[in-house]
Amino acid sequence: DTGVSQNPRHKITKRGQNVTFRCDPISEHNRLYWYRQTLGQGPEFLTYFQNEAQLEKSRLLSDRFSAERPKGSFSTLEIQRTEQGDSAMYLCASSLGGGPSPQHFGDGTRLSIL
Amino acid sequence: QQQVKQSPQSLIVQKGGISIINCAYENTAFDYFPWYQQFPGKGPALLIAIRPDVSEKKEGRFTISFNKSAKQFSLHIMDSQPGDSATYFCAASRAAGNKLTFGGGTRVLVKP
């Protein structure tokens with residue numbers, strides 16, 4: 001399968017713990033996006049990368065959240081000191097930058113905070 | 001502030017009927033409007049997209065209508081099938097490669 005891959009698919013953790021998610025984009029795509037989706041809502045933009053450069057961050061991305069994309073390939077999203085409100089589906093998408101290229105989504109990581 | 005408003009929140013349609021979902025946007029800088037389909041436990045999958053230089057785009061049973069002056073666009077699903085039962089999201093961005101702003105979603109149930 002050559003689509004966007006996200007791991008793990010599910011993560012259950014206790015409040016206050018740190019968690020890290022991984023996203024592997026479609027191989028030739030140089031843009032990578034993170035979104036958060038809560039139950040019954042549309043996805044909300046968090047941040048995006050062009051190659052290894054993080055170009056934009058949403059106000060939703062508090063200082064407990066950090067994202068990286070070393071070498072412009074896979075990306076990781078880390079949440080430190082998790083809170084109940086962090087429970088959500090975290091979606092990754094990728095696109096071919098530099099033109100009108102659509103975003104293709106992975107199946108997400110569902111985070112549950114106990 | 002919700003920049004893309006979607007309605008209805010849910011709809012039920014009989015097999016073979018037409019499903020119509022509407023969206024309205026506020027930001028006139030938006031110039032790319034995709035629709036995504038999402039099944040439970042899956043990520044959104046791109047269905048069809050339109051740019052404001054055309055008023056209608058059709059792909060198979062799916063048609064987008066776009067009204068630039070009213071800042072509204074809609075998705076029509078013709079000959080709805082039970083397999084179309086899913087949540088549909090409209091979205092908008094300033095260009096196809098930029099961040100997407102999503103509507104709140106419409107849960108569609110197609111009854112056999």
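Residues numbered from 1 in each chain as written. Chains lettered and ligands numbered in written order. Predicted model: local features only at pLDDT ≥ 70, side-chain atom pairs only at ≥ 80, totals over all residues. Heavy atoms only, no water.

Engineer: Provide a residue-level description of the overall build of chain A, including the pertinent values.
Structural biologist: A tally of regular secondary structure across chain A gives zero helices and eleven strands. At 13 Å, chain A has a C-alpha radius of gyration in line with the 13 Å of a compact globule built from 114 residues. The principal-axis extents of the C-alpha atoms in chain A amount to approximately 40 × 25 × 25 Å. Counting only residues that meet the buried cut, chain A has 47% of its 114 residues in that class. Pairs at least 24 apart in sequence give 53% of the contacts found in chain A among residues at least 6 apart. Only carbon and sulfur atoms are counted for the fraction: they give 45% of the accessible area of chain A, which is about 5800 Å². For chain A, the distance from the average site of its 14 positive side-chain charges to the average site of its 12 negative ones is 5 Å. (Helix = DSSP H or I, 4+ residues; strand = E, 2+ residues; numbered from the N terminus. Rg over C-alpha atoms; globule rule 2.2 N^0.38 Å. Buried < 20%, exposed > 50% of the residue type's maximum accessible area, 1.4 Å probe, protein only. Contact = heavy atoms within 4.5 Å. Areas by Shrake-Rupley, 256 points an atom, 1.4 Å probe, with all protein chains shown as cover. Lys, Arg positive; Asp, Glu negative; His and termini not counted. Charge placed at Lys NZ, Arg CZ, Asp CG, Glu CD.)

Engineer: Which residues make up the side chain of A:R36, and what are the values?
Structural biologist: Residue and element names in this part refer to chain A. Locating R36 in the fold gives a position in strand 4 (residues 31-37). Among buried Asp, Glu, Lys and Arg side chains, R36 stands out as unpaired, with D86 the closest opposite charge at 4.5 Å. Residues in contact with R36, not counting those within four places in the same chain, are G42, P43, E44, L46, L60, F65, D86, A88, M89 and Y90. (Salt bridge = Lys/Arg side-chain N within 4 Å of Asp/Glu carboxyl O.)

Engineer: Hey, could you go over the sheet that holds strand 1 (residues 4-7) of chain B for me, with residue numbers and the actual values?
Structural biologist: Residues and elements named next belong to chain B. With respect to topology, five strands assemble into an open sheet ordered 1-3-8-7-6, the strand pairing being antiparallel. Pairing within the sheet leaves two strands with one partner each, and these edge strands are strand 1 and strand 6 (56-59). Ignoring which end each strand starts from, the neighbouring axes of this sheet average 15° apart. Pairing geometry for strand 3 (residues 19-25) and strand 8 (residues 72-77), over six bridges, is antiparallel. Following the sheet pairing, N22 is matched in strand 8 by S74. (Pairing = 2+ DSSP bridges. Axes fitted to C-alpha atoms, helices over the stretch in contact; angles between N-to-C directions.)

Engineer: Let's hear about the pairing of strand 5 (residues 45-50) of chain B: which residues, and what values?
Structural biologist: All names here are of chain B. In terms of strand pairing, strand 4 (residues 33-38) meets strand 5 through five bridges, oriented antiparallel. Directly across from P34, in strand 5, lies its bridge partner A49. What sits between strand 4 and strand 5 in their antiparallel hairpin is a turn of six residues, with G41 showing a positive phi close to 80°.

Engineer: Can you lay out the environment of A:D86 for me, pointing to particular residues and giving the numbers?
Structural biologist: All names here are of chain A. Tracing the sequence through the fold places D86 in the loop between strand 8 (75-79) and strand 9 (88-95). Note on D86: relative accessible area 3%, which makes it buried. Spatially, the C-alpha atoms of D86 and R36 are 9.2 Å apart, while their sequence positions differ by 50 residues. Among all residues touching D86, those that are not within four sequence positions of it are R36, R64, F65, I79, L111 and I113. At 2.8 Å, the side chain of D86 and the backbone nitrogen of E83 are in polar contact. (Polar contact = N/O pair within 3.5 Å; in protein donor to acceptor, adjacent residues only side chain to side chain.)

Engineer: So what about the interface of chain B and chain A? Which residues, and what values?
Structural biologist: Contacts between chain B and chain A engage 18 residues on the former and 22 residues on the latter. Carbon and sulfur atoms make up 51% of the surface buried where chain B meets chain A, a total of about 1500 Å² over both sides. For the salt bridge of A:D107 with B:K42, the shortest nitrogen-to-oxygen distance reads 3.6 Å. The interface formed by chain B and chain A includes eight residue pairs in polar contact (both at pLDDT 80 or more). (Buried area = accessible area lost by both parts, 1.4 Å probe.)

Engineer: So what's going on with the nonpolar core? Which residues, and what values?
Structural biologist: In this structure, B:F33, B:W35, B:F73, B:L75 and B:Y88 are the most contacted members of the largest nonpolar core, which totals 24 residues. At the level of secondary structure, the elements contributing two or more residues to this core comprise strand 2 (10-14), strand 3, strand 4, strand 5, strand 7 (62-67), strand 8, strand 9 (86-92) and strand 11 (106-111) of chain B. With four residues, strand 9 of chain B is the largest single contributor of residues to this core. Ignoring any residue separated from it by four or fewer positions in sequence, one finds B:Y88 in contact with B:Q6, B:I21, B:Y36, B:Q37, B:L47, B:F62, B:L75, B:I77, B:G105, B:T106 and B:V108. Within the second largest apolar cluster, 19 residues are counted, among which are A:F21, A:L61, A:F65 and A:A67. (Core = buried A, V, L, I, M, F, W, Y, C linked by side-chain atoms within 4.5 Å.)

Take it as geometry only, folks, not as evidence of what the structure does.
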